[in-house]
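Residues per chain, in single letters:
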Amino acid sequence: MTETVSSELPGQEFPVARGCPFAEPDAYARLRERKPVSKVRLRGGQQTWWVSGYAEARAVLADRRFSSDRRKDNYPNPNGDPRFRERFRHQPPPMVSLDGAEHTAARRALTGEFTMKRLAALRPRIERIVDGFVDAMLASDSRPVDLVQALSLPVPSLVICELLGVPYRDHGHFQSRTAAMIRRTASAEERLRAFDELRGYLADLLARKESEPGDDLLSRQLARQREKGALDRESLVSTATGLLVAGHETTANMISLGVAGLLEHPEQLVSITSDPARTPRAVEELLRYFSIVETATSRIATEDVEIAGVTIRADEGVIVSGLSADWDPAVFENPGALDLGREARHHIAFGYGPHQCLGQNLARIELQTVFDTLFRRIPGLRLAEPVDDIPFKANASVYGAYALPVTW
Ligand code: HEM
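The rules behind the values
Residues numbered from 1 in each chain as written. Predicted model: local features only at pLDDT ≥ 70, side-chain atom pairs only at ≥ 80, totals over all residues. Helix = DSSP H or I, 4+ residues; strand = E, 2+ residues; numbered from the N terminus. Rg over C-alpha atoms; globule rule 2.2 N^0.38 Å. Buried ≥ 20, exposed ≤ 12 C-beta atoms within 10 Å, placed from the backbone. Near = placed C-beta within 6 Å. Nonpolar A, V, L, I, M, F, W, Y, C, P; charged D, E, K, R; others polar. Axes fitted to C-alpha atoms, helices over the stretch in contact; angles between N-to-C directions. Left-handed = near helix turned anticlockwise from the far one by under 90°. Contact = placed C-beta atoms within 7 Å. Pairing = 2+ DSSP bridges. Expected span 1.5 Å × (residues − 1). Arc of directions from axis to C-beta. Core = buried A, V, L, I, M, F, W, Y, C linked by C-beta atoms within 7 Å. Right-handed = clockwise from strand over helix to strand, strands pointing away.

1. Let's talk about the overall build of the protein chain
Part 1 of the argument: On a plain count of helices and strands, the protein chain comes out with 15 helices and eleven strands.
Part 2 of the argument: Compactness check: the protein chain gives a C-alpha radius of gyration of 21 Å against a globular reference of 22 Å for 408 residues, within 12% of the reference.
Part 3 of the argument: The principal-axis extents of the C-alpha atoms in the protein chain amount to approximately 60 × 55 × 40 Å.
Part 4 of the argument: In the protein chain, which comprises 408 residues, the share counted as buried stands at 43%.

In structure tokens form, the structure reads like this:
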């Protein structure tokens with residue numbers, strides 16, 4: 001590294017845990033104001049660039065001179081353990097870690113699965129799934145109900161299972177492994193074990209699908225590779241792992257946070273309950289407000305690049321803080337206010353540029369359906385505990401809630 005940690009916030013390690021679920025950490029705001037492209041120290045000591053301005057964030061994420069290859073030595077590694085990088089050197093990387101033509105080819109193989117037409121066809125099934133879990137909540141005698149277990153996790157888990165062709169009866173297995181993989185407090189051993197177990201499970205599942213294909217995404221990917229005479233089982237395991245993990249945990253956290261946020265802002269909630277046509281816009285604002293993916297939008301420079309007058313040298317790591325960018329007052333007026341009426345669709349909660357989230361429109365349908373259904377069918381829903389007592393995931397790489405007790 002050619003420059004040392006900027007003097008703006010000496011001693012502060014990044015990423016910073018959110019003290020309040022409804023605010024960005026003070027350190028992010030201070031850094032964005034003073035130096036939106038700054039050198040910071042990660043937990044574990046590694047130095048990296050931290051991009052906190054909205055314009056600067058988009059400039060980095062759209063620029064192909066920044067690589068997503070997480071196997072590179074200086075790649076930002078908030079886990080602080082080099083074994084993670086080592087592990088990725090022996091396996092085909094998931095799409096999110098690929099660059100250039102390789103990335104384009106991997107993404108193209110999947111885009112047909114996420115077209116608006118295909119997703120629109122899924123909507124009625126998603127509505128039935130949400131209704132089914134709300135039925136179960138209403139039928140339950142005991143209160144409070146933990147919304148995370150009753151709705152937030154099962155909805156996206158069942159949806160992604162059906163899409164991929166993963167048996168839902170195995171949800172306990174992949175949910176617990178995913179949770180361990182992204183928990184910052186889990187030891188490196190625990191996280192690696194969880195990752196290996198999940199890959200092992202999906203490798204077995206894919207082997208079964210080779211002889212007994214179904215009408216699902218993974219079977220179609222197998223058939224597609226076979227037709228081309230290029231069956232690559234290991235890379236399919238990476239694809240399956242990436243989709244399964246990305247497909248349920250993120251959306252689950254957004255459901256929990258969205259419900260908590262809406263219940264804590266009843267004057268805002270009323271705007272969608274009185275007119276469901278407003279829900280899509282509200283979902284964009286909730287995505288912006290919580291910007292739950294903290295460090296996945298990381299990169300490494302492949303050559304010297306100037307961003308906002310700052311030179312990022314070749315081989316230096318960069319973390320784009322989606323939360324900080326989405327709270328940039330230069331773009332979102334009064335960003336700390338949850339304002340469901342604002343036009344927020346240009347947020348970068350789903351990233352930006354070539355790696356922008358492949359599953360974003362699926363996530364949107366799930367979130368819209370959950371919020372519409374839940375508040376319509378349980379109008380008296382409320383938090384069963386003060387918001388300060390809710391265990392939020394201050395220490396995970398994807399923000400969310402471990403539990404959300406609700407009653408009505
Ligand atoms: C609220 C829910 C979600 C959020 C906040 C979210 C966020 C993100 C972000 C920030 C990225 C960009 C990573 C980067 O730039 O390096 C990303 C990529 C990705 N997401 Fe999502 N995601 C969500 C839901 C989903 C779902 C439901 C799926 C799958 C069904 C999914 C699949 C993916 C994939 C495959 C990529 C990699 C795309 C690429 O590298 O080209 N995500 N997501």
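Next, the rest of the story.
2. A word on the site of the ligand
Part 1 of the argument: Of all residues adjacent to the ligand, which total 26 residues, the nearest are Gly247, Thr250, Gly351, Cys357 and Gly359.
Part 2 of the argument: Listed by contribution, the elements that provide at least two residues to the shell around the ligand are helix H11 (233-264) and helix H15 (360-377).
Part 3 of the argument: Examining the composition of the shell around the ligand, we find that seven residues originate from one element, H11, more than from any other.
Part 4 of the argument: Here the shell around the ligand is composed, by residue class, of 15 nonpolar, ten polar and one charged.

3. What about the packing of helix H5 (residues 116-139) against H15?
Part 1 of the argument: As a packed pair, H5 and H15 sit with axes 9 Å apart at the nearest point and diverge in direction by 35 degrees. The two elements H5 and H15 cross, and the hand of that crossing is right-handed. Every residue of H15 that contacts H5 at Met116, Leu119, Arg123, Ile126, Glu127, Val130, Asp131 and Val134 is listed here: Asn361, Leu362, Ile365, Glu366, Thr369, Val370, Thr373, Leu374 and Arg377.
Part 2 of the argument: Broken down by class, the residue content of the contact of H5 with H15 amounts to nine nonpolar, three polar and five charged.

4. Concerning the sheet that holds strand S4 (residues 66-67)
Part 1 of the argument: Strand order in this open sheet of six strands is S1-S2-S3-S9-S6-S4, and the pairing throughout is mixed. The open sheet has two edge strands, strand S1 (13-14) and S4, and neither has a second partner.
Part 2 of the argument: Of the pairings in the sheet, the one linking strand S3 (residues 47-51) to strand S9 (residues 317-320) comprises three bridges and is parallel in character. Bridge assignment links Trp50 to a residue of S9, and that residue is Ile319.
Part 3 of the argument: Its contacts with the sheet place helix H2 (residues 54-62) against strand S2 (37-42), S3, S4, strand S6 (298-301) and S9, and it is angled at close to 125 degrees to S9.

5. Here's the deal with the environment of Ala401
Part 1 of the argument: For Ala401, the location among the structural elements is in the loop between strand S10 (382-383) and strand S11 (405-407).
Part 2 of the argument: Each C-alpha atom of the pair Ala401 and Gly172 lies 18 Å from the other, and the pair is 229 residues apart in sequence.

6. A look at helix H8 (residues 171-182)
Part 1 of the argument: With twelve residues, H8 should cover 16 Å at 1.5 Å per step; its first-to-last C-alpha distance of 17 Å lies within 8% of that length.
Part 2 of the argument: All of the buried residues along H8 are Phe174, Arg177, Thr178, Met181 and Ile182. The buried residues of H8 occupy an angular sector of 120 degrees when projected down its axis, which confines them to one face.
Part 3 of the argument: Check the buried side of H8 and you find it contacts helix H9 (188-211) and H11.

7. Regarding unusual backbone geometry
Part 1 of the argument: Between Phe14 and Pro15 the backbone carries a cis peptide bond, its omega angle lying at -10 degrees.
Part 2 of the argument: The omega torsion of the bond from Arg143 to Pro144 falls at -5 degrees, within 30 degrees of zero and hence cis.
Part 3 of the argument: Note on placement: Pro144 falls in the loop between H5 and strand S5 (145-146).
Part 4 of the argument: Phi is positive for Ala308, close to 50 degrees, though the residue is something other than glycine.
Part 5 of the argument: Along the polypeptide, Ala308 turns up in the loop between strand S7 (305-307) and strand S8 (310-312).
Part 6 of the argument: Phi is positive for Asp315, which is not a glycine, with a value near 75 degrees.
Part 7 of the argument: Mapped onto the elements, Asp315 comes out in the loop between S8 and S9.
Part 8 of the argument: A residue is classified by how many C-beta atoms lie within 10 Å of it, and Asp315, with 17 of them, is partly exposed.

8. Side note on the environment of Thr250
Part 1 of the argument: Residue position: Thr250 is located in helix H11.
Part 2 of the argument: Sequence separation of Thr250 and Arg30 is 220 residues, and the distance between their C-alpha atoms is 27 Å.
Part 3 of the argument: Beyond its immediate stretch of four places on either side in the chain, Thr250 contacts Ile292, Val293, Ala363 and Val398.

9. Some remarks on H11
Part 1 of the argument: Here H11 spans 47 Å end to end across 32 residues, near enough to the 46 Å set by a 1.5 Å rise per residue.
Part 2 of the argument: Counting buried residues in H11 gives 27 out of 32 residues, a clear majority hidden from the surface.

10. Focus on the nonpolar core
Part 1 of the argument: Counting 102 residues, the largest nonpolar core has Val51, Val60, Val155, Leu164, Ala240, Leu244 and Val318 as its most contacted members.
Part 2 of the argument: The greatest single-element share of this core, amounting to 14 residues, is contributed by H11.
Part 3 of the argument: Setting aside anything within four residues of it in sequence, one finds Val60 in contact with Val51, Phe66, Arg299, Ile307, Val318 and Val320.

11. Observations regarding the pairing of S2
Part 1 of the argument: Taking burial as the measure, the six residues of S2 include five buried ones, the bulk of the element.
Part 2 of the argument: Bridging between S1 and S2 involves two bridges; their strand directions are parallel. Residue pairing for S2: Phe14 is matched across the bridge by Leu42.
Part 3 of the argument: Taken together, S1, helix H1 (residues 26-34) and S2 form a β-α-β motif whose crossover is right-handed.
Part 4 of the argument: For S2 and S3, the ladder comprises five bridges, and the chain directions are antiparallel. Considered in S3, the bridge of Lys39 is made with Trp49.
Part 5 of the argument: Taking the residues between adjacent antiparallel strands as the criterion, S2 and S3 are bridged by four residues, where Gly44 takes a positive phi near 100 degrees.

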